[in-house]
Amino acid sequence: MLDAAGVTYEAVKPEVDEDAVKARLTDATDIAAELADAKACSVGGGDWVIGSDSVVSCGGRLFDKPRSRDEAADHLRLFSGKTMLLTSAVAVVLGGKVDWRHVETARLEVRELSNPFISNYLDAEWPDVGYTVGVFRLEARGVQLFSSIHGDHFTILGMPLIPLLGALRERALLLA
């Protein structure tokens, strides 16, 4: 997303114990926000750092990325016919301190998914969807999972990009 938006950056792997954060918190908004903050703060240095994270909940249950294709199929069966909430957070950090944060939640109405559809879908999309918390890529066949979507496109892709671009302009990190 940042490439497509023309934002120059360097990707650095954060050092965050996500399981520890998730064990301590139960609210999707709190988890996404804290993980976005922690990821950006863990990089350190005096530069501006962007961190982001997404959390999926469905039926009051929080979901992690599937650990296997079988678990991905189980997640899809659990999502079938329900509302999936996808919460994405982004944080901007300077010198290890959070300077700005934004959190948004999108509502995705998952249509009834048949077992043959799930199998065919995973045949086409696995392992790529295994790296996503909701077992879908909206920009690919994952769009077929939904009967309706309510929320910002970029939030669903994993980062509230429009608010982030505004925050970067406010800090003179992008041209206004």
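Predicted model only: the values in this text are computed from it and were never measured. (Residues numbered from 1 in each chain as written. Predicted model: local features only at pLDDT ≥ 70, side-chain atom pairs only at ≥ 80, totals over all residues. Heavy atoms only, no water.)

**Student:** Would you mind showing me how to read the side chain of D37 here?
**Tutor:** Among the structural elements, D37 can be located in helix α2 (residues 28-43). Residues within four places of D37 in sequence aside, it is in contact with A91, V93, V98 and R101. (Helix = DSSP H or I, 4+ residues; strand = E, 2+ residues; numbered from the N terminus. Contact = heavy atoms within 4.5 Å.)

**Student:** What's the story with the pattern of salt bridges in this structure? I'm lost.
**Tutor:** A side chain of one charge can pair with a side chain of the opposite charge when the charged atoms of the two come close. Counting across every chain of the model gives 14 salt bridges. In this structure, E34 and R24 form a salt bridge, with 2.0 Å as the shortest nitrogen-oxygen distance. Taken together, the residues span a long stretch of sequence, with E34 in helix α2 and R24 in helix α1 (residues 18-24) at a distance of 10 residues. Where salt bridges share partners, they join E18, K22, K39, D53 and D64 into one cluster. (Salt bridge = Lys/Arg side-chain N within 4 Å of Asp/Glu carboxyl O.)

**Student:** I tried to follow the nonpolar core on my own but got confused; where do I start?
**Tutor:** In globular proteins that are soluble, nonpolar side chains generally tend to be buried together. Counting residues in each nonpolar core, the largest one holds 25 residues, and the members touching the most others are L76, F79, L122 and F136. Apart from the residues lying within four places of it in its own chain, the contact partners of L76 are L113, I118, Y121, L122, V135 and L145. (Core = buried A, V, L, I, M, F, W, Y, C linked by side-chain atoms within 4.5 Å. Buried < 20%, exposed > 50% of the residue type's maximum accessible area, 1.4 Å probe, protein only.)

**Student:** Help me understand a nonpolar patch on the surface, please; the structure alone is not making it clear to me.
**Tutor:** On the surface, W48, L94 and L173 cluster together to form a nonpolar patch covering roughly 230 Å² of accessible area. Tracing the chain through its elements places L173 in the segment after α6 (161-170). A relative accessible area of 35% means that L173 is categorised as partly exposed. (Patch = residues over 30% accessible without salt bridge, like charges linked within 9 Å, V, L, I, M, F, W, Y side chains within 5 Å. Areas by Shrake-Rupley, 256 points an atom, 1.4 Å probe, with all protein chains shown as cover.)

The quantities given are spatial measurements derived from coordinates; they are silent on function.
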